[in-house]
Amino acid sequence: DRSLSGSGGDASSFRSPMCAQPTAAHRVLVALYRSGKLKRWINQNHDGLPQKAGLPQEAINEIHGAWYSPDNPVIPMTGCLRDDLFDDLQRCEREADLVIALGTSLCGMNADQVVVGPSKRALQDDGKTLGSVIISLQQTVHDEASTLRLFGRCDDVLLALAERLGLHVEEPPIATYYMPEFLLGKSEDEYIVHSAPYDLSGKRCGDGTTSTWDLREGSDLVITGGMHAGAVGEVDGLDREGNVKCRFKLKPKSGKLRAWVPLVVGRWWLEGASKGTVDRLPVVNVPGPPSARGEVLEDDGAAALQQLIDAYAAPN
């Protein structure tokens, strides 16, 4: 069952939620990751706050969708989880020795299995699993099965943990935003990765295949995966944090009219692309004709990408 079951709500505000910035808890978790103590982050939120705190994209599973990844739109309650992310979720459930659940009600979402599985193995005393730690203000239905239950604010508990472990927790930027290493000293005209180890469809390659990833204003784009794989669009500038604003012509749920829809690519994706650490790029450039691509490999991903474009362009 890949459904996203459960209930939720929403809140209105005069300020866009995309303006949100990481809390102390986010920064402590990034410090845990950098120290080698945190292996994977399963994020049920869509806000990109872990990456804004410095977490590499490859370290996170945004299982319910993401605001900063056009190939991973937010999943409605009646929708289905993305296959590769669901497979990774199940792998984490099987392999995790200790899981920390932070600020979640554990109210029946599919992602809860990452907490439930290790908790059960620890109770069965399999000799390898430490179980789960649940940190939040409210009770959950899985409290009794947890190895440790802490009631408190995530910021307070994690700052105390950081002090006990002697972690170096970075201070939040003052009057600015987190800057990926790749973009240090660069202008918006340099949002381009040359010789990225990806084929033209955005798939990471280990055979020497490379491509150029151009996220400068006006560049033509294609979404590489998810429900809108094959949708064509373009870069439409940067937001106030330096993330890449895009617009795509997306299929409506019904009818034939396709309207421009704004989407965003988090600028931390440029870091992952430059290092070749993410499995797939969320968007790629529309490839030019073979004559313009220099030496064309037998399978440079262009044919696979064109199939996505053609399939998405077909009538509903």
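The rules behind each value
Residues numbered from 1 in each chain as written. Predicted model: local features only at pLDDT ≥ 70, side-chain atom pairs only at ≥ 80, totals over all residues. Heavy atoms only, no water. Pairing = 2+ DSSP bridges. Helix = DSSP H or I, 4+ residues; strand = E, 2+ residues; numbered from the N terminus. Axes fitted to C-alpha atoms, helices over the stretch in contact; angles between N-to-C directions. pLDDT = per-residue confidence, 0-100. Contact = heavy atoms within 4.5 Å. Patch = residues over 30% accessible without salt bridge, like charges linked within 9 Å, V, L, I, M, F, W, Y side chains within 5 Å. Areas by Shrake-Rupley, 256 points an atom, 1.4 Å probe, with all protein chains shown as cover. Salt bridge = Lys/Arg side-chain N within 4 Å of Asp/Glu carboxyl O. Lys, Arg positive; Asp, Glu negative; His and termini not counted. Charge placed at Lys NZ, Arg CZ, Asp CG, Glu CD. Buried < 20%, exposed > 50% of the residue type's maximum accessible area, 1.4 Å probe, protein only.

As for the sheet that holds strand S5 (residues 148–151)
Backbone hydrogen bonds hold the strands of a sheet together, and the pairing may be parallel or antiparallel.
And then number 1: If you trace the 3 strands from one edge of the open sheet to the other, you get S3-S4-S5, paired in parallel fashion. Edge positions in the sheet fall to strand S3 (98–102) and S5, since each of these pairs with one other strand and no more. Direction aside, the axes of adjacent strands within the sheet are offset by 10° on average.
And then number 2: Pairing geometry for strand S4 (residues 131–136) and S5, over 4 bridges, is parallel. When the bridges of S5 are listed, Val133 appears paired with Leu148.

So, the confidence of the model for the protein chain
And then number 1: A residue-level look at the protein chain finds 92% of positions with pLDDT of 70 or above and a mean pLDDT of 91.
And then number 2: Counting contacts from residues 3–14, a segment whose pLDDT is below 50, to residues more than four positions away or on other chains yields 16 contacts.

Some details on a negative patch on the surface
And then number 1: Negative charge collects at one region of the surface, where Glu188, Asp189, Glu190, Glu217 and Asp236 lie side by side.
And then number 2: Note that Glu188 resides in the loop between helix H5 (154–165) and strand S6 (192–196).
And then number 3: You can call Glu188 partly exposed: its relative accessible area is 49%.

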